[in-house]
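# Residue-level structure breakdown
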Amino acid sequence: AGAGSLDLDGNDAGQINAVAGSVSTLTHTLSAWVRTTATNRPTFLAANTSSGGNSNMLFITGGASATAQAFSDPPGSFVAVAGAPVVNDDAWHHIAWVKDGTDGELYVDGMLRAMTNQANYVRTPTDLWSLGQEFDGDSLGDFWTGQIDDVQIYDEALTSDQIDFLFNNPGQVF
């Protein structure tokens with residue numbers, strides 16, 4: 001991670017809506033390398049409904065010792081990584097969210113850090129996908145300050161061995 005990364009200053013972001021039609025299943029994996037010192041709950045990868053409602057986000061939160069979190073709606077639940085590792089330490093971290101039906105897994109630096117079982121949600125071809133922010137209705141919000149690299153979106157649930165491969169081989173695809 002690093003060379004060729006997207007460097008965001010907290011005021012800009014990118015829309016990647018073209019992936020919406022490819023990830024309209026209950027099963028998918030979102031993966032990215034991130035680097036930041038931000039403390040204000042920035043979002044680095046998001047999928048919102050076409051009306052800007054919260055749907056699926058990867059972000060960090062927790063102030064000076066921020067950790068990774070995932071958000072899924074319904075049922076509007078957060079999947080948090082309690083304690084270490086801190087991910088706003090100006091070092092590169094690999095974060096992956098694996099959704100397989102009702103099961104969700106959040107990985108940080110190749111290690112499974114949190115799991116959840118929640119209601120199914122369906123990705124649709126009209127979802128709004130973005131890097132470096134998320135939609136709050138018609139407004140952009142929760143901007144990312146830092147770097148994002150090697151974003152990978154799969155329409156399948158990768159295994160823990162596959163996530164480990166992505167962590168140990170930045171820039172490679174599975």
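I will try to describe carefully the structure that is included in this document. (Residues numbered from 1 in each chain as written. Predicted model: local features only at pLDDT ≥ 70, side-chain atom pairs only at ≥ 80, totals over all residues. Heavy atoms only, no water.)

Below, the discussion takes up the pairing of strand β9 (residues 103-108). Taken together, the 6 bridges between strand β8 (residues 93-100) and β9 define a ladder with antiparallel strand orientation. Paired with V98 across the two strands is E105, which belongs to β9. What sits between the antiparallel neighbours β8 and β9 is a turn of 2 residues, in which G101 has the positive phi angle 65°. Judged from the 6 bridges that link them, β9 and strand β10 (residues 111-117) form a sheet pairing that is antiparallel. Residue pairing across strands places G104 opposite T116, the latter belonging to β10. Linking β9 back to β10 in an antiparallel pair, the connection comprises 2 residues, with D109 at a positive phi of about 55°. (Pairing = 2+ DSSP bridges. Helix = DSSP H or I, 4+ residues; strand = E, 2+ residues; numbered from the N terminus.)

Quick look at the side chain of S5 now. Its place among the elements puts S5 in the segment before β1 (6-9). The class of S5 is buried, set by a relative accessible area of 17%. In terms of polar contacts, S5 uses its side chain to reach the side chain of Q147, at 3.1 Å. If near-sequence neighbours (up to four positions away) are discounted, S5 is found in contact with W92, Q147, I148 and D149. (Buried < 20%, exposed > 50% of the residue type's maximum accessible area, 1.4 Å probe, protein only. Polar contact = N/O pair within 3.5 Å; in protein donor to acceptor, adjacent residues only side chain to side chain. Contact = heavy atoms within 4.5 Å.)

Interpretation in functional terms is not warranted from these geometric data alone.
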